[in-house]
2 protein chains.
Amino acid sequence: MSAEPKYKTAFACAPLVYVNGDYVAAQDAKISIFDRGFLFADGVYEVTAVISGQLIDYAPHIERLKRSLRELGMDMPCSDDELEKIHRSLIEKNGIDEGLVYLQVTRGSENGRNFPFPAGAKPSLVLFAQSTELSEDPKAETGVALASVPDIRWERRDIKSVALLAQVLAKQEAKSRGAFEAVMTQDGYVTEGGSSSLGFVKADGTIVLRPFSNAILPSITRQAVTKLADQTGVAIEERLFTLDELMGASEVFMASATALVMPVVKIDDQRIGGGQPGPVVRKLRALYFEMADQQAREQSDAWS
Amino acid sequence: MSAEPKYKTAFACAPLVYVNGDYVAAQDAKISIFDRGFLFADGVYEVTAVISGQLIDYAPHIERLKRSLRELGMDMPCSDDELEKIHRSLIEKNGIDEGLVYLQVTRGSENGRNFPFPAGAKPSLVLFAQSTELSEDPKAETGVALASVPDIRWERRDIKSVALLAQVLAKQEAKSRGAFEAVMTQDGYVTEGGSSSLGFVKADGTIVLRPFSNAILPSITRQAVTKLADQTGVAIEERLFTLDELMGASEVFMASATALVMPVVKIDDQRIGGGQPGPVVRKLRALYFEMADQQAREQSDAWS
């Protein structure tokens, strides 16, 4: 493995961020040390892709946010309209054309540290934006490598919580092995990537995906890709699959709001599909951007 | 179950706290929103009991801290001397006679959010103190109740990380069922409490404890209790045990830096030992305070 990092993995935050009602400079953006996000990982998050300055699949992200909050007995920190306004303000104030908006809600803070839910605490709301190359992402041309690691996470991976230490360790391990992303396995089966969903293409062109359950996150991007595949007559098979199956597939891909649809060309020491992105995943990525462009145009019309 | 909370579970922080080099008022104590403790639960903590204004079992807490950091590839944020000085300053500045000092180290921050370890980030260090009644804790007279919940945590519970969301949910569930603490079970066996270690006394007076492994935290207070039991001729048996065994025991106890040695008199709807603290646990609690008083006297002599 190369000692040089093969992939750009560090992106800087845009200058202006949102913290509990205020737009402030990133370097001044602070939260109480008693915030339960800091003390207990008692919070949830969402990451929404921005393409042509517009939010992609925003509605399902907010639906998933509400589900995560509900599962943890937490409240929405503000109205739906207010939340969308903050997202759009960050894009506008920071001049984001392509990138992402990150959103985190925590159970707030009290003066001290006590495990049970605090009575009457106001949820904390933090958002920031980041410029990243999505449509011209060089990784999509070459494909990326995965490194397999055991999935040691908790049992409620369907909740998009900030208790991400296992994912940090998985993705650091992947990076140290020259890979872009981890592929996590448990009980002999692939669960998902460190911060992405994984799927593969069978010889007959069928796409195989693990069924949603408490074991993986209901990926918004994967759901968009599934819909696009379905619309173009590609069959989808939802079932458990092993790492060996994934490594023997002709095409493998990851799906996330930051990688979108990304071809995987290597897993551990095994090349996938001759080490080149394959036609099905290329096609799905192209369809994804068509869908995103269409969404962006519609929003641009609606908001202008 | 009573609708009224039976136990005091909310304690307020002492006025002065320590954040990355400064002593500041608790309400002004803030950390960057990019701190990896807030974004990723990428940090560890310790809680040390304070009795007679002195730190109890401080050395093993710091040893465990160093182990947690090492397991996560993190550095100590400052020298050992400096860390002890901060602990003692917080006790002194806040006039803590009995209570605790909380310490948290995170992997620090960079300008943005990226899973892999940031290059050259400085660890964050946060400490605060809290006054609580330890030697005169009314719960020790009556004993406390436990509520059983499934243990859904990750597989590295030996690391004292701030990824505590599962524990928050377990302890909130316990509170909502009128209990003081959760007893977590997995694969048919008891693991530990939501933020404590659990043990029981057999009919022949032997104390039964689960062996340390990745499945539970190496409790400092439990180790102190084990040593005291051993010194007084009480046998210790380390093995897996079930919830049924725990519920059928004559005496059950929890051990933690905030509960110290605490008799358990109820688990779910089952009364333990007739619903009263038993002689072995009472004795161990008394021995613990003798040991703590001895430690406090020695420190007081050394530091005066």
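Everything quoted here is computed from the prediction, not taken from an experiment. (Residues numbered from 1 in each chain as written. Chains lettered and ligands numbered in written order. Predicted model: local features only at pLDDT ≥ 70, side-chain atom pairs only at ≥ 80, totals over all residues. Heavy atoms only, no water.)

Asks: Can you walk me through the relation of the copies chain B and chain A in this structure?
Replies: Mapping between the two chain copies consists of a rotation about an axis together with a translation along that axis. Under the fitted operation, chain B is carried onto chain A by 0.0 Å of movement along the axis and a turn of 180 degrees, and the coordinates agree to an RMSD of 0.0 Å. These values place the two chain copies in the arrangement generated by a two-fold rotation axis. (Least-squares fit on C-alpha atoms with pLDDT ≥ 70 in both.)

Asks: It is not clear to me how the pattern of salt bridges should be interpreted in this structure. Could you clarify?
Replies: Side chains that carry opposite charge are capable of pairing whenever their charged atoms lie near each other. Residues and elements named next belong to chain A. Taken as a whole and assessed by the stated rule, the structure comprises 40 salt bridges over all chains. Arg-156 serves as the salt-bridge partner of Asp-158, at 2.9 Å between the closest nitrogen and oxygen. Residues Glu-237 and Arg-239 are paired through a salt bridge, measuring 2.6 Å at the closest nitrogen-oxygen approach. Since its relative accessible area comes to 25%, Glu-237 is described here as partly exposed. Overlapping salt bridges, with partners in common, bring together Arg-67, Glu-71, Arg-156 and Asp-158 in one network. (Salt bridge = Lys/Arg side-chain N within 4 Å of Asp/Glu carboxyl O. Buried < 20%, exposed > 50% of the residue type's maximum accessible area, 1.4 Å probe, protein only.)

Asks: Sorry, what's going on with the sheet that holds strand E5 (residues 54-55) of chain B here?
Replies: Sheet strands associate in pairs through backbone hydrogen bonding, adopting either a parallel or an antiparallel arrangement. All names here are of chain B. Spatial ordering of the open sheet is given by E2-E1-E7-E6-E4-E5, a layout of 6 strands whose pairing is antiparallel. The open sheet is flanked by strand E2 (22-25) and E5, the only strands paired with a single partner. For strand E1 (residues 16-19) and strand E7 (residues 124-131), the ladder comprises 2 bridges, and the chain directions are antiparallel. Looking across to E7, one finds that Tyr-18 is bridged to Leu-127. Docked against the sheet, helix H2 (residues 58-71) engages strand E4 (43-51), E5 and strand E6 (99-106), running at close to 175 degrees with respect to E4. (Pairing = 2+ DSSP bridges. Helix = DSSP H or I, 4+ residues; strand = E, 2+ residues; numbered from the N terminus. Contact = heavy atoms within 4.5 Å. Axes fitted to C-alpha atoms, helices over the stretch in contact; angles between N-to-C directions.)

Asks: What is the right way to read the pairing of strand E2 (residues 22-25) of chain A from this model?
Replies: When a strand is regular, its side chains alternate between the sheet's two faces. Residue and element names in this part refer to chain A. Sheet analysis places strand E1 (residues 16-19) next to E2, joined by 4 bridges and oriented antiparallel. Within E2, the residue paired with Val-17 across the bridge is Val-24. Between E1 and E2, which pair antiparallel one after the other, the connecting turn spans 2 residues, and Asn-20 there sits at a positive phi close to 45 degrees.

Asks: Just checking my understanding: could you explain the sheet that holds strand E6 (residues 99-106) of chain A for this structure?
Replies: Residue and element names in this part refer to chain A. Strands sit in the order E2-E1-E7-E6-E4-E5 across an open sheet of 6 strands; the sheet is antiparallel. The sheet is open, and its two borders are formed by E2 and strand E5 (54-55), each paired with just one other strand. Most of the contacts of helix H2 (residues 58-71) go to strand E4 (residues 43-51), to which it runs at about 175 degrees, and overall it touches E4, E5 and E6.

Asks: What am I meant to see in the packing of H2(B) against helix H3 (residues 80-93) of chain B here?
Replies: A pair of packed helices is characterised by two quantities: the angle between their axes and the separation of those axes. Residue and element names in this part refer to chain B. One can describe the packing of H2 onto H3 by two numbers: an axis separation of 12 Å at closest approach and a directional angle of 125 degrees. If you check the angle between H2 and H3, you find them oblique. For the pair H2 and H3, the sense of crossing is right-handed. Facing Tyr-58, Ile-62, Leu-65 and Lys-66 of H2, the residues of H3 in contact are Asp-80, Leu-83, Glu-84 and His-87. (Parallel < 35°, antiparallel > 145°, perpendicular 65-115°, else oblique. Left-handed = near helix turned anticlockwise from the far one by under 90°.)

Asks: What exactly am I supposed to notice about H3(B) here?
Replies: Residues and elements named next belong to chain B. With 14 residues, H3 extends 20 Å between its outermost C-alpha atoms, agreeing within 8% with the 20 Å of an ideal straight helix rising 1.5 Å per residue. Among all positions of H3, only Leu-83, Ile-86, His-87, Arg-88, Ser-89, Leu-90 and Ile-91 are buried. Once H3 ends, the next one or two residues include Gly-95, with phi positive near 55 degrees. (Expected span 1.5 Å × (residues − 1).)

Asks: Which parts of the structure should I look at to understand the interface of chain B and chain A?
Replies: Counting residues at the interface gives 59 residues for chain B and 59 residues for chain A. For the pair chain B and chain A, the interface holds 0 salt bridges. Taken together, the links from chain B to chain A amount to 15 residue pairs in polar contact (both at pLDDT 80 or more). Breaking the side of chain B that touches chain A down by element, the ones donating at least two residues are E1, strand E3 (30-32), helix H1 (36-40), E4, E6, E7 and helix H5 (165-176) of chain B. (Polar contact = N/O pair within 3.5 Å; in protein donor to acceptor, adjacent residues only side chain to side chain.)

Asks: Can you help me understand the side chain of B:Asp35 in this one?
Replies: Structurally, the position occupied by B:Asp35 is in the loop between E3 and H1. Buried B:Asp35, no salt bridge; nearest opposite-charge side chain is B:Arg36, N-O distance 7.7 Å. Once residues within four sequence positions are removed from consideration, B:Asp35 is found in contact with A:Phe38, B:Thr106, B:Gly108, B:Ser109 and B:Ser124. (Lys, Arg positive; Asp, Glu negative; His and termini not counted.)

Asks: In this structure, what is going on with the domain arrangement of chain A? I would like to understand it.
Replies: Note: interface size is frequently given as the accessible area lost on complex formation between the parts. Residue and element names in this part refer to chain A. Split by domain assignment, chain A resolves into domain 1 (12-131) and domain 2 (139-292). The centre of domain 1, based on its C-alpha atoms, is set 26 Å off from the matching centre of domain 2. The interface is formed by 20 residues belonging to domain 1 together with 20 residues belonging to domain 2. Interface area lost by domain 1 to domain 2 is led by Tyr-45, Ile-51 and Arg-64, which between them contribute 33%. At the boundary of domain 1 with domain 2, the tally comes to 2 salt bridges. A salt bridge links Glu-71 to Arg-156; its shortest N-O distance comes to 2.7 Å. Remark: the boundary between domain 1 and domain 2 carries 6 residue pairs in polar contact (both at pLDDT 80 or more). Looking at the side of domain 1 that touches domain 2, the elements with two or more residues in it are E4, H2 and E6. For the side of domain 1 that touches domain 2, the element with the highest residue contribution is E4, accounting for 7 residues. For the side of domain 1 that touches domain 2, the class distribution of residues is 11 nonpolar, 4 polar and 5 charged. (Domains from an automatic or database assignment. Buried area = accessible area lost by both parts, 1.4 Å probe. Nonpolar A, V, L, I, M, F, W, Y, C, P; charged D, E, K, R; others polar.)

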